[in-house]
Amino acid sequence: MIKREKNRLDFTLLNIGYAEHDADWNFKNIKSPFARIHYVCEGEAQIILQNEVIKMQPGYLYLTPAHIHHSYECNGKFSLYYIHIYENPNIMSSIFDHYIFPKVIKANQLLEELIIRLHQINPGSALSIYDPQRYENSTELMRSIALQVASPFAREAESHAIIQLLMSRFLAAASDKIPQVEKRLTRVLNYIDEHIHQSISIDQLADLIFLSKDHLIRLFKKHMNDTPVSYMNRKKIEKAQLMMLVDDSSIQELSFRLGFENISYFNRLFKKVTGETPTSYKRSVATLTNEPSTPD
């Protein structure tokens, strides 16, 4: 059974806004360290999520987890609310690691009113640009975080509660990502989550569940479609990306805190996973530390 700690919903608002488009919501190869919720008001569009095409229509909520490649296509008039949220980097593991969330759920009057309320109490949280390639790697991210940090506690608490409720509706229809029958693998994944800030060897994981290294690797590949080393490296880099959003530590400090003894290896791995160096990535999201967070 997955520990209750791992089931905790702990999201913070990054952006919320209302947008009207006319065949101009067309963006490709998006991958972010934050999750997205879209609520469609009018018109139709598509989310291309890996190899699946999801038709977007009014009255529905759509969820795109963090670190998932996707694209948007829109050929006509289209209006929606967009909500960007990120998980607390101090939690052991992402809720998305343990559950398969539905990509779409039917909204009701309460959910619609909550989204409108979230929009009303967070003025200035809308994007000033809609191209994800620009707002993901620009001062836009840090501007949004700075705005949330400076918001009154009552507003922060209400925003947090609304986000948790919205995510709980998706969670109600979610399923376990790792079959409960394979308890050995669940134990391995839990161990990785709990020790993600340390260097973890395959021997440690194999000894944990009394298997040989080869048997562990075969078991891992069967259920995770990945090797243990590749999985651990990817989760470390994803954690690094999230930490860079909310932490002004140096690249070296970050790499050490994630269990890397060799910063050159961390730099190479970061670029392999994200397509850019950690210095470039951090520079693009960390230049607003001293800028005013004025509303758009």
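Whatever comes next refers back to the structure up there.
In this text, all values refer to a predicted model and were calculated from it rather than measured experimentally.

K.L.:
Break down the pairing of strand β4 (residues 45-49) for me, with residues and values.
P.N.:
Most of β4 sits inside the fold, with four of its five residues counted as buried. Bridge analysis of β4 against strand β5 (residues 52-56) gives five bridges, and the strand direction is antiparallel. Each residue of the ladder has a partner; that of I48, found in β5, is V53. If you look at the hairpin formed by β4 and β5, you'll find two residues sitting between the two strands, and Q50 has a positive phi there, around 60°. Taken together, the four bridges between β4 and strand β7 (residues 70-73) define a ladder with antiparallel strand orientation. Looking at β7, one finds that L49 is bridged to H70.

K.L.:
Residue-level account of the environment of I116, with values.
P.N.:
Of note, I116 is situated in helix α1 (residues 109-120). For I116, a relative accessible area of 29% gives the class partly exposed. As for I116 and Y18, which are separated by 98 residues in sequence, their C-alpha atoms are 9.2 Å apart.

K.L.:
Describe the packing of α1 against helix α4 (residues 153-171), with residues and values.
P.N.:
Interaxial distance between α1 and α4 falls to 10 Å at its minimum, and their mutual angle equals 145°. Like other packed secondary-structure pairs, α1 and α4 cross with a definite hand, here left-handed. In this structure, α1 uses L111, L114, I115, R117 and L118 to contact α4, whose residues at the interface are E158, S159, I162, I163, L165, L166 and R169. The residue inventory of the contact of α1 with α4, partitioned by class, reads eight nonpolar, one polar and three charged.

K.L.:
Please provide a residue-by-residue account of the sheet that holds strand β3 (residues 35-43), values included.
P.N.:
Across the sheet, five strands lie side by side as β1-β8-β3-β6-β10; this open sheet has antiparallel pairing. Of all strands in the sheet, those bounded by a partner on one side alone are β1 (11-22) and β10 (104-106). Averaged over all pairs of adjacent strands, the angle between their axes in this sheet comes to 20°, without regard to strand direction. Two elements, β3 and strand β8 (residues 77-87), share eight bridges in a ladder whose sense is antiparallel. Its bridge partner being in β8, Y39 is matched across the sheet by Y81. Each of β1, β3, β6 (60-64), β8 and β10 touches α4; the most contacted strand, β1, lies at about 75° to it.

K.L.:
Explain the packing of helix α8 (residues 228-246) against helix α10 (residues 263-274) to me, and be specific about the residues and the numbers.
P.N.:
In the contact formed by α8 and α10, the axes pass within 10 Å of each other and the chain directions differ by 90°. It follows that α8 is roughly perpendicular to α10 by the angle criterion. In contact with N233, I237, A240, Q241 and M244 of α8, α10 contributes Y265, F266, L269, F270, V273 and T274. Residues that form the contact of α8 with α10 fall into these classes: eight nonpolar, three polar and no charged.

K.L.:
Residues and numbers for the pattern of salt bridges, please.
P.N.:
Any two side chains of opposite charge can pair, given that their charged atoms come close. By the definition in use, this model includes 10 salt bridges. For R117, the salt bridge goes to E158, with nearest N and O atoms at 2.7 Å. Remark: E158 occurs in helix α4 and R117 occurs in helix α1; sequence separation between them is 41 residues. By relative accessible area, which is 30% here, E158 ends up partly exposed. Through salt bridges with shared partners, one network takes in D97, D226, R234, K235 and E238.

K.L.:
Talk me through the environment of G76; I want residue IDs and the actual numbers.
P.N.:
Tracing the chain through its elements places G76 in the loop between β7 and β8. Taking the C-alpha atoms as reference points, G76 and E44, 32 residues apart in sequence, are found 7.5 Å from one another.

K.L.:
How would you summarise helix α7 (residues 213-224) if you had to cite specific residues and measurements?
P.N.:
Along its 12 residues, α7 runs 16 Å from first to last C-alpha, staying within 8% of the 16 Å computed at 1.5 Å per residue. Among the residues of α7, those classed as buried are L216, L219 and F220. Buried residues in α7, looked at end-on, bunch into an arc of 100°, giving them a common side. Among the exposed residues of α7, those oriented more than 90 degrees off its buried face are D214, R218 and K222. As for α7, its buried residues are in contact with α5 (183-194), α6 (202-208) and α8.

K.L.:
I'd like to hear about the side chain of N233, residue by residue, with values.
P.N.:
Among the secondary structure elements, N233 is positioned in helix α8. Here Y265 takes part through its side chain, which lies 3.3 Å from a polar atom of the side chain of N233.

K.L.:
Give a detailed account of unusual backbone geometry, specifying residues and quantitative values.
P.N.:
Notably, A23 is not glycine yet its phi reads approximately 60°, a positive angle. Along the polypeptide, A23 turns up in the loop between β1 and β2 (27-30). Within the chain, N29 stands out as a residue other than glycine whose phi angle is a positive 55°. Inspection of the secondary structure puts N29 in strand β2.

What counts, and where the lines are drawn
Residues numbered from 1 in each chain as written. Predicted model: local features only at pLDDT ≥ 70, side-chain atom pairs only at ≥ 80, totals over all residues. Heavy atoms only, no water. Buried < 20%, exposed > 50% of the residue type's maximum accessible area, 1.4 Å probe, protein only. Helix = DSSP H or I, 4+ residues; strand = E, 2+ residues; numbered from the N terminus. Pairing = 2+ DSSP bridges. Axes fitted to C-alpha atoms, helices over the stretch in contact; angles between N-to-C directions. Left-handed = near helix turned anticlockwise from the far one by under 90°. Contact = heavy atoms within 4.5 Å. Nonpolar A, V, L, I, M, F, W, Y, C, P; charged D, E, K, R; others polar. Parallel < 35°, antiparallel > 145°, perpendicular 65-115°, else oblique. Salt bridge = Lys/Arg side-chain N within 4 Å of Asp/Glu carboxyl O. Expected span 1.5 Å × (residues − 1). Arc of directions from axis to C-beta. Polar contact = N/O pair within 3.5 Å; in protein donor to acceptor, adjacent residues only side chain to side chain.

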